[in-house]
Amino acid sequence: MKQSVIDKLEILSKRLNELGDLLSQPDVTSDMEQYTRLNKEYAELQPVVATYRLYADAANDLATATELLIDPQMRDFASDEITMAKGKIEQLEIELQKLLLPKDPNDEKNIYLEIRAGTGGDESALFSADLFRMYSRFAERNSWQVEIISESISDLGGYREIIARIIGFGAYSKLKFESGAHRVQRVPTTETQGRVHTSACTVAVMPEADEVLDVQINPSELRIDTYRASGAGGQHINKTDSAIRITHLPTGLVVECQDERSQHKNKARALSLLATRIKDAQLREQQSKIAATRKSLVGSGDRSERIRTYNFPQGRLSDHRINLTLYKLDMIMDGDLFELTDALIAEHQAELLASLDNR
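Colleague: Tell me what's going on with the pattern of salt bridges, and back it up with residues and numbers.
Modeller: Throughout the structure, instances matching the rule amount to 25 salt bridges. Of the charged contacts in the structure, one is a salt bridge between Glu-41 and Arg-15, with a shortest N-O distance of 2.9 Å. On the criterion of sequence distance, the pair formed by Glu-41 in helix 2 (residues 32-68) and Arg-15 in helix 1 (residues 3-23) is long-range, its members being 26 residues apart. Owing to a relative accessible area of 24%, Arg-15 belongs among the partly exposed residues under this scheme. As a salt-bridge pair, Glu-208 and Arg-165 come within 2.9 Å of each other at their nearest N and O atoms. Of this pair, Glu-208 sits in the loop between strand 5 (197-207) and strand 6 (222-227) while Arg-165 is found in strand 3 (residues 159-167), placing the two residues 43 residues apart along the sequence.

What follows is the structure in structure tokens.
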């Protein structure tokens, strides 16, 4: 490992000790904002320093074993110890490189999930509903909350479009590579001759904007319409114009929210979604520039590209960006996305490491 990296890790180790001392002081909770900030920094540094200390121990073991080589009686033992220590050091160096990679500032955030039916008519809308259930079950497995913002239901009970907010720490970090075109191959329920059809949906995953003010939305550039919500909700929802539609005139972006009975709550949610979409457009513009220098679309947010195929007759899922094929489609559609999301994150980390090595 480069000496500059070791020097940086030494500084981080000292900083962790400083934070530990600060957090142990009895009056630290008198300023909750500072306490929260220090606690967060401590939590971020802890795994890095812990891994570095394991690395330092392995390096010391290697040095000790190397010294023992001069003793004929200890030579065999020393050789085994050297082999073990080198293996540990190599593994820990890789782990440290990953831990030191630049953090995506959006990784910890909640997300807005948008799923829209594409080519394939009713079958595409039904697959949109299947995808929404898949992500909802994944959210349950992670103890996240799912709030439906708006939905457009097809004649057969699928979704022409559904927009939801997923609330949970790290939601964006695990689902940010889901944006793109998802293709399905299966026999539709409406197919009488058993033929396999191909249809597609688009998925968009966006980190929730911190505040509407972050994107500097000018109220004079908004057109806000109220209307009567449709769908489930009982008698109350049919008596009041509680649903909200907001149009951002400079960009033409339109957002709607009809989930809450309160017009005020629907307006707040719609403004939050609008801010998120504006930030997402800015983020995708940045990512498209980065993607031009990368070998794959992992993390590019390019939604026009087919990223994945769900083949039901073969029980197969294929992610085309990382050439990953899994034969456990039933489990995946039930929300078991961990192997898939872990593989996408690992590929993204590998690309970041490669870009660092090429500097």
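Colleague: Any chance you could break down the nonpolar core for me, citing the residues and the numbers?
Modeller: Core analysis: the largest hydrophobic core is formed by 36 residues, its most contacted members being Leu-113, Leu-131, Tyr-135 and Tyr-310. Within the residue set of this core, elements represented by two or more residues are strand 1 (111-117), helix 4 (121-141), strand 3, helix 5 (171-175), strand 5, strand 11 (324-326), helix 8 (329-333) and helix 9 (338-357). Sort the elements by how many residues they give to this core and helix 4 lands first, with eight residues. The residues contacting Tyr-135, other than those within four sequence positions of it, are Leu-113, Ile-115, Leu-175, Glu-178, His-182, Val-203, Arg-308 and Leu-337.

Colleague: Pulling in residues and values, what's your account of the side chain of Glu-147?
Modeller: Structurally, Glu-147 is set in strand 2 (residues 145-153). For Glu-147, the side chain forms a polar contact with the side chain of Arg-269, separated by 2.9 Å. Beyond its immediate chain neighbours, meaning those up to four positions away, Glu-147 contacts Ile-163, Ala-164, Arg-165, Ile-167 and Arg-269.

Colleague: Lay out the pairing of strand 5 in plain terms, naming residues and giving numbers.
Modeller: Here strand 5 lies mainly inside the structure; eight of its eleven residues are buried. As paired elements, strand 1 and strand 5 share seven bridges and run antiparallel to each other. The residue bridging Leu-113 from the neighbouring strand is Val-205, located in strand 5. In the sheet, strand 4 (residues 180-186) pairs with strand 5 via seven bridges, with the strands oriented antiparallel. Looking at strand 5, one finds that Ala-181 is bridged to Thr-202.

Colleague: Got a sec to walk through helix 4? Specific residues and values, please.
Modeller: Taking 1.5 Å as the rise per residue, helix 4 with 21 residues should run 30 Å; its terminal C-alpha atoms sit 31 Å apart, in good agreement. Ser-143 sits one or two residues past helix 4 and shows a positive phi near 60 degrees.

Colleague: Could you give me a rundown of the sheet that holds strand 8 (residues 253-257), with the residues and numbers involved?
Modeller: With antiparallel pairing, three strands are arranged side by side in an open sheet as 6-7-8. Every interior strand has two partners, whereas the edge strands, strand 6 and strand 8, have only one. Here the strands of the sheet are splayed against their neighbours by 15 degrees on average, with no regard to which way each runs. Sheet topology places strand 6 next to strand 7 (residues 243-248); six bridges connect them, and they run antiparallel.

Colleague: Account for the packing of aromatic side chains, with residues named and values stated.
Modeller: This structure, assessed with the given rule, holds five aromatic pairs. Between the aromatic rings of Tyr-52 and Tyr-55, the centroid separation amounts to 6.4 Å while the plane-to-plane angle is 20 degrees, which identifies the pairing as stacked. With Tyr-52 and Tyr-55 both in helix 2, this residue pair falls three residues apart, about one helical turn. Look at Tyr-55 and you get buried, because its relative accessible area is 9%. Where Phe-138 meets Trp-144, the ring centres are 5.7 Å apart and the plane angle is 85 degrees; that geometry is what we call edge-to-face. By relative accessible area, Phe-138 is classed as buried at 0%. For Trp-144, a relative accessible area of 10% puts it in the buried group. Taken together through their ring pairs, the aromatic side chains of Phe-138, Trp-144 and Phe-338 make up a single cluster.

About the criteria used
- The numbers attached to residues start from 1 for each chain and follow its sequence in the written order.
- Restriction of local features to residues with pLDDT of at least 70 applies here, the model being predicted, together with a cutoff of 80 or more for giving and counting side-chain atom pairs; totals for whole chains, interfaces and linings are based on all residues.
- Each side-chain value is derived from all of the structure's non-hydrogen atoms; neither hydrogens nor water enter the calculation.
- Between Lys or Arg on one side and Asp or Glu on the other, a salt bridge is scored when a side-chain nitrogen of the former is within 4 Å of a carboxyl oxygen of the latter.
- The helix and strand labels rest on DSSP assignments: H or I over at least four residues marks a helix, E over at least two residues marks a strand, and numbering proceeds from the N terminus.
- Burial classification: accessible surface area is computed with a 1.4 Å probe over protein chains only, and a residue below 20% of its type maximum counts as buried, one above 50% as exposed, and the rest as partly exposed.
- Nonpolar cores are built from buried Ala, Val, Leu, Ile, Met, Phe, Trp, Tyr and Cys residues. Side-chain atoms within 4.5 Å join them into one set.
- The contact rule is simple, with two residues in contact once any of their heavy atoms fall within 4.5 Å.
- Counted as a polar contact is a pair of N or O atoms within 3.5 Å, where, for protein atoms, one must be capable of donating a hydrogen and the other of accepting one, and residues adjacent in sequence contribute only when both atoms are in side chains.
- Two strands pair if DSSP finds at least two bridges between them.
- Expected helix span is given by 1.5 Å per residue-to-residue step, counting one fewer step than there are residues.
- Fitted lines through C-alpha atoms serve as axes, helices being fitted only where they are in contact, and the angles separating the N-to-C directions of these axes extend from 0 to 180 degrees.
- Two aromatic rings from Phe, Tyr or Trp, using only the six-membered ring of Trp, form a pair when their centres are within 6.5 Å; if the ring planes differ by under 30 degrees the pair is stacked, by over 60 it is edge-to-face, and anything between is tilted.

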